[in-house]
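Fold and contact review
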Amino acid sequence: MNRKLLRSVREYKRESFLTPVLVCLEVLMEVLIPLLMAKIIDVGIMEGDMAYIIKMGLLLIVMAMLALAFGAKAGQLGAIASSGYAKNLRHDIFYKIQDFSFGNIDHFSTSSLVTRLTTDITNVQMAYMMTIRMLARAPIMIILSWIMTMTINVKVAMIFLVAIPVLGFALIFIAKTAHKYFVQVFDEYDVLNNTVQENVNAARVVKAYVREDHEIEKFHGISGIVFRLFTKAEKIVAFNNPVMMLVMYSVIILIVLMGGKDIVVGTMEAGELTSVLVYALQILSSLMIVSFVFVLNMIAGASTDRIAEVLDEVPEMQNKPDAVMEAPNGDIDFENVDFSYSGEGGALSLKKVNLHIKSGQTVGIIGGTGSAKSTLVQLIPRLYDATRGCVKVGGVDVRDYNLEALRDQVSMVLQKNVLFTGTIYDNIRWGDENASDEEVQRVCKLAQADGFIQE
C-alpha cells in the first residue's frame, strides 16, 4: 500500500490495529485445537480415560468458541476499517479535485477521475480489508503450525522448509507476469467510461443522426479490449490454484509416508500424525490465502498508483499569501495575452489579445464556432491562466486575487447550462445559498423564467 494513501486511514487506525490482533488470537486458538485433539486420541481414547476425554473435550469447545468470537469481531472491525478507509479516500480525492483548475481536469479527463473515485477505490478497499485480516492471519498461522509440527516430529517439519520457498517463488513469478495486464485494464476502463459518458450526454445527437450502430460498434470495440486484457491476466493468475494443489498434496503424501513408517517403528503416535496432517493443511491453506491476497494487492497496486496520481497532482492555480480579496472596480484588461490549452509551445487559441473594457460597458464578442470566444471569457475568472501576457480585473492581475474572492465577483452565464440534483429553488440558490424566497423570485422574473416555473 502507498504510504500517502495510508494517511487516509485516520480515525480508523484503532480498528485497523485491533483487527490483526484479534486475528492473531483466533489463530492461536486454532493452532492449539489440533494439539488437544492429539492428546484426546493418544491419552484419553487409547487409555480409555473418560474423565480426561470429557475435560479435554470441554476445553476444546471453549477454545473453538473463543476462536469463533475473535474471528467474528475481527471481521466486523476489518469491515469498518476498510469501508472507513475507502470513505476517507473518496473524500480526499473529491476535495483535491475541487482545487483543480480546468487544466488539471483536462490532464486526467472526467471519465478517468470517475473511475478512480469508484472502481479503483473499491479495489484498494478490498485489498486493505484482506491485508489486515488474511495477510495478518496467514504468516502467524504458518509459523505457529510449523513450530507445533517441530514439537511433534522434526523430520516431518523439515518438509515445509522446502515446500514454502518453492511455492513462494512460483506465486511471485505468476503475480509479476500478470501485473502489467492489470495496469493496462484500468487505463482502458477510462476510455470505456468516456465512451459511455459521451453516448449518454449526446443521446439526442446520436438518435438525430441515426448513429446508434456506430456508437454500439465503438462501445463493443473498447469493451472487447477490456475483456481480452482481463482474460490474459486471469489466465495467468489461474495457475495459482494448480500450483497450490500440486504442492499441498505432494506435502501430504510425504507426511503420510514418513509418519506411517514412524508409527510402525513406534516413534510416533496415531494422534500425533493426525495433528501433523491438520497443521499441514493449516500451513498450506494459509499459503493459498497469501497467494489470494497477493493477487488482490497486485490488482490494487495499479489502482493505488492511479489514486496517488490524483493526490500528488499540484493544482495549477494557488492563492498567494497576500492575495487580493476585493476588486476595486469592474474594469477588464487583456494585455498581450496568448493562450494555449497545451501550455508553452502548444498551438495558440488566443494570440496577442489586447482588450480594455471599462466598468459599466457592455461589449459583444462575435466570432464563428471555435474562434475562442468562450476561451477568452474563461480567462477573466481564472478558470485557465494566460500562457503569456496578463488579464486584469479592476487593474489587478487576476493571478494576484484570492481565487474564491475573484470568482465571487466575476459572474458567468454559460452557453450550456447544467442542472444539479435538487429542486429549481436549490439550483437558483447556487449563486447565493443565503438568498431569501423574495430574492429567488426576483431573479426568476429577471431571467424571464418565472412564468415557466409557475406553470
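The coordinates are above.
I will try to describe carefully the structure that is included in this document. Small disclaimer: the values here were computed from a predicted structure and weren't measured. (Residues numbered from 1 in each chain as written. Predicted model: local features only at pLDDT ≥ 70, side-chain atom pairs only at ≥ 80, totals over all residues. Heavy atoms only, no water.)

Let us now look at the overall build of the protein. Each helix and strand counted, the protein has 15 helices and four strands in total. Since a compact globule built from 455 residues should have a radius of gyration of about 23 Å, the 33 Å found for the protein marks it as more spread out than a globular shape. Overall, the protein is about 105 × 50 × 45 Å in size when its C-alpha atoms are taken along their principal axes. In the protein, the share of contacts with a sequence separation of at least 24, taken over all contacts with a separation of at least 6, comes to 77%. As displayed, the protein has an accessible area near 26100 Å², and 62% of this comes from carbon and sulfur atoms. Side chains of the protein give 41 positive and 48 negative charges; the mean places of these two sets differ by 5 Å. (Helix = DSSP H or I, 4+ residues; strand = E, 2+ residues; numbered from the N terminus. Rg over C-alpha atoms; globule rule 2.2 N^0.38 Å. Contact = heavy atoms within 4.5 Å. Areas by Shrake-Rupley, 256 points an atom, 1.4 Å probe, with all protein chains shown as cover. Lys, Arg positive; Asp, Glu negative; His and termini not counted. Charge placed at Lys NZ, Arg CZ, Asp CG, Glu CD.)

Quick look at helix 9 (residues 240-265) now. Taking 1.5 Å of rise per residue, 26 residues should cover 38 Å, and helix 9 covers 38 Å from first to last C-alpha, within 8% of that figure. Among the residues of helix 9, those classed as buried are N240, M244, V247, M248, V251, I252, I255, G259 and D262. Residues of helix 9 that are buried make contact with helix 6 (154-201), helix 8 (212-237) and helix 10 (270-312). (Expected span 1.5 Å × (residues − 1). Buried < 20%, exposed > 50% of the residue type's maximum accessible area, 1.4 Å probe, protein only.)

What follows is about the pairing of strand 3 (residues 388-393). As defined by bridge partners, strand 1 (residues 332-339) adjoins strand 3 across five bridges and the pair is classed as antiparallel. Looking at strand 3, one finds that D338 is bridged to R388. Summarising the sheet, strand 3 and strand 4 (residues 396-397) pair through two bridges and their orientation is antiparallel. Across the sheet, V393 pairs through a bridge with V396, a residue of strand 4. Between strand 3 and strand 4, which pair antiparallel and follow one another directly, the connecting turn spans two residues, one of which, G394, has a positive phi of 65 degrees. (Pairing = 2+ DSSP bridges.)

Once that is clear, we can look at the sheet that holds strand 1. Pairing in this open sheet of four strands is antiparallel, and the strands run 2-1-3-4 from one edge to the other. The outermost strands of the open sheet, each flanked by one partner alone, are strand 2 (350-357) and strand 4.

Moving on, we come to unusual backbone geometry. Phi angles above zero are rare outside glycine, and R10 is one such case at about 40 degrees. Structurally, R10 is set in the loop between helix 1 (3-6) and helix 2 (13-47).

A surface patch of negative charge is lined by E404, D408, D432, E433, D437, E438 and E439. Broken down by secondary-structure element, the contributors of at least two residues to the negative patch are helix 12 (403-409) and helix 14 (437-446). Tracing the backbone through its elements, the reader meets D432 in the loop between helix 13 (424-428) and helix 14. On the basis of relative accessible area, D432 is assigned to the partly exposed category, the value being 37%. (Patch = residues over 30% accessible without salt bridge, like charges linked within 9 Å, V, L, I, M, F, W, Y side chains within 5 Å. Salt bridge = Lys/Arg side-chain N within 4 Å of Asp/Glu carboxyl O.)

In this section: the environment of A51. Position of A51 among the secondary structure elements: in helix 3 (residues 50-98). Placed 299 residues apart in sequence, A51 and L350 show a C-alpha to C-alpha distance of 94 Å.

For the coordinates displayed, the defined rule picks out six aromatic pairs. Geometrically, the ring pair formed by F420 and W430 is stacked, given 4.1 Å between the ring centres and 15 degrees between the ring planes. Taken together, the positions of F420 in the loop between helix 12 and helix 13 and W430 in the loop between helix 13 and helix 14 put the pair 10 residues apart, joining distant regions of the chain. (Phe/Tyr/Trp six-rings, centres within 6.5 Å; stacked < 30°, edge-to-face > 60°.)

With respect to the element layout, R116 can be found in helix 5 (residues 110-152). R116 has contacts with I93, F108, I121, D190, R306, I307, E309 and V310, leaving out every residue within four places of it along the chain.

Another aspect to go through is a nonpolar patch on the surface. Together, M50, I54, L58, I61, M65 and L68 make up an exposed nonpolar region whose accessible area comes to about 640 Å². Considering the arrangement of structural elements, one finds M50 in helix 3.

A separate point is the packing of helix 2 against helix 10. It is at 7 Å that the axes of helix 2 and helix 10 come closest, and there the two elements cross at 160 degrees. In terms of axis orientation, helix 2 runs roughly antiparallel to helix 10. In this structure, the crossing between helix 2 and helix 10 has a hand that is right-handed. Residue-level inspection shows E30, V31, P34, L35, A38, I41 and D42 of helix 2 in contact with helix 10, the latter providing A270, G271, E272, T274, S275, V278, Y279 and Q282. When grouped by side-chain class, the residues that make up the contact of helix 2 with helix 10 number eight nonpolar, four polar and three charged. (Axes fitted to C-alpha atoms, helices over the stretch in contact; angles between N-to-C directions. Parallel < 35°, antiparallel > 145°, perpendicular 65-115°, else oblique. Left-handed = near helix turned anticlockwise from the far one by under 90°. Nonpolar A, V, L, I, M, F, W, Y, C, P; charged D, E, K, R; others polar.)

It is worth spelling out the pattern of salt bridges at this point. Applying the stated criterion to the full structure yields 14 salt bridges. Note that R306 is salt-bridged to D120, the shortest N-O span being 2.8 Å. Pair noted here: R306 is in helix 10 and D120 is in helix 5, with a separation of 186 residues, a long-range link. Two residues, D338 and R388, come together in a salt bridge whose shortest N-O distance is 3.1 Å. Separated by 50 residues along the polypeptide, D338 in strand 1 and R388 in strand 3 bring together distant segments of the chain. What emerges from the salt-bridge pattern is a single network uniting E198, E215 and K218.

Each pair of packed helices gets described by two things: the angle between the helix axes and the distance between those axes. Packing of helix 6 against helix 10 brings their axes to within 8 Å, and their N-to-C directions diverge by 25 degrees. Here helix 6 lies roughly parallel to helix 10, going by the angle between them. Of the two possible hands of crossing, helix 6 and helix 10 adopt the one that is right-handed. Looking at side-chain class alone, the contact of helix 6 with helix 10 contains 19 nonpolar, three polar and three charged residues.

Before going further, it helps to spend a moment on the environment of G431. By the element assignment, G431 lies in the loop between helix 13 and helix 14. Judged by its relative accessible area of 69%, G431 falls in the exposed class. Distance from G431 to D408, taken between C-alpha atoms, is 8.7 Å for residues 23 residues apart in sequence.

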